[in-house]
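Listed below are the residues making up each chain.
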Amino acid sequence: MPMNDTTRHQGKRRQLVQVVKEKGITDQNVLLAIGKIPRHLFMDSSFEDHAYQDKAFPIAADQTISQPYTVAFQSQLLQIKKGDQVLEIGTGSGYQTAVLCELGARVYSIERQQELYKKTKLFLSKLNYRPKFLSFGDGYKGLPAYAPFDSIIVTAGAPFVPKALLSQLKVGGRLVIPVGENSQIMTLFIRVSTSKFEKKEFGEFRFVPLLEDKN
Ligand code: SAH
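Peer 1: So what exactly am I meant to see when it comes to the overall build of the chain here?
Peer 2: On a plain count of helices and strands, the chain comes out with six helices and nine strands. Since a compact globule built from 215 residues should have a radius of gyration of about 17 Å, the 16 Å found for the chain is in line with a globular shape. With respect to the three principal axes, the spread of C-alpha positions in the chain is 50 × 40 × 35 Å. For the chain, with 215 residues in total, the buried portion stands at 53%. In the chain, once contacts between residues fewer than 6 apart in sequence are set aside, the share between residues at least 24 apart is 52%. For the chain, the distance from the average position of its 29 positive side-chain charges to the average position of its 21 negative side-chain charges is 5 Å.

Peer 1: How do you make sense of the pairing of strand β9 (residues 197-205) when you look at a structure like this?
Peer 2: Look at any regular strand and the pattern is simple: side chains alternate between the two faces of the sheet. Bridging between strand β8 (residues 184-191) and β9 involves seven bridges; their strand directions are antiparallel. Of the residues in β9, the one forming a bridge with L188 is K200. Between β8 and β9, which pair antiparallel and follow one another directly, the connecting turn spans five residues.

Peer 1: Before we go on, may I ask you to explain the packing of helix α1 (residues 7-22) against helix α2 (residues 28-36) in this structure?
Peer 2: Each packed pair of helices is defined by two parameters, the angle between the axes and the distance between the axes. The interhelical angle for the contact between α1 and α2, taken along N-to-C directions, is 150°, at an axis separation of 8 Å. It follows from the interaxial angle that α1 and α2 lie roughly antiparallel. As for the relative orientation of α1 and α2, their crossing is right-handed in sense. Seen from α1, the contacting residues are R13, L16, V17, V20 and K21; seen from α2, they are L31, I34, G35 and K36.

Peer 1: Would you explain helix α5 (residues 114-126) in this entry?
Peer 2: Every α-helical turn comprises 3.6 residues, leaving residues that sit three or four positions apart pointing alike. Helix length check: α5, at 13 residues, gives a terminal C-alpha distance of 19 Å against a target of 18 Å (1.5 Å per residue), a fit within 8%. Among the residues of α5, L116, Y117, T120, F123 and L124 are the ones counted as buried. Along α5, the residues classed as buried sweep out an arc of 145° about the axis, all on the same side. Away from its buried face, by an angle of more than 90 degrees, α5 presents the exposed residues K118, K119, L122 and K126.

Basis of the calculations
Residues numbered from 1 in each chain as written. Predicted model: local features only at pLDDT ≥ 70, side-chain atom pairs only at ≥ 80, totals over all residues. Heavy atoms only, no water. Helix = DSSP H or I, 4+ residues; strand = E, 2+ residues; numbered from the N terminus. Rg over C-alpha atoms; globule rule 2.2 N^0.38 Å. Buried < 20%, exposed > 50% of the residue type's maximum accessible area, 1.4 Å probe, protein only. Contact = heavy atoms within 4.5 Å. Lys, Arg positive; Asp, Glu negative; His and termini not counted. Charge placed at Lys NZ, Arg CZ, Asp CG, Glu CD. Pairing = 2+ DSSP bridges. Axes fitted to C-alpha atoms, helices over the stretch in contact; angles between N-to-C directions. Parallel < 35°, antiparallel > 145°, perpendicular 65-115°, else oblique. Left-handed = near helix turned anticlockwise from the far one by under 90°. Expected span 1.5 Å × (residues − 1). Arc of directions from axis to C-beta.

Taken by themselves, the reported measurements are silent on function.
Put into structure tokens, the structure is as follows:
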């Protein structure tokens, strides 16, 4: 069970759920997940006061833990069913990974910063979250060995849509990806047949960049 998760934290979390709901999130399972996950433990304890505000926040290696509303928005677009095989690009703090686990997905996640990869792997297991596989590597390539996926979520701003990710979707599968350089348009691709994708756009968001492989 979560370390140091008090009734005060739980109270703040209920308020955060309310805020996210008022901003338009309707998926009950997503709201339950936000209400359940101790977000303050995903951040440095000296910044605990910020954990239940609806804001992104810096974590290690110049990266950020995404804003709760953004996490909820992307999660809702995925329409996850229990047992779905889901790929996340950008493990980061592991908060989004935890949401996907709470939604009953079999989660695969890739992180390119080794420090974060190691730290988050250990931390998620301490919190009893059990993603199927955490990978240290380049998300642009996806995870061909575990494809195809029911859905893929990219949690960094992609300058373009990586072909590998589209090709690793099942027919009927969904890719949720923020596309753009300085700011991003949240974009959903649904694979309607082997060769055809339907595209929908959902307004502007801001993410740290999806970076090309260092090696
Ligand atoms: N899902 C995270 C969001 C972290 S921010 C959370 O909830 O906290 C985006 C993350 O994407 C960063 O950790 C960054 O290191 C990672 N990232 C950037 N480019 C990447 C790439 N090419 N492959 C894998 N991860 C990448």
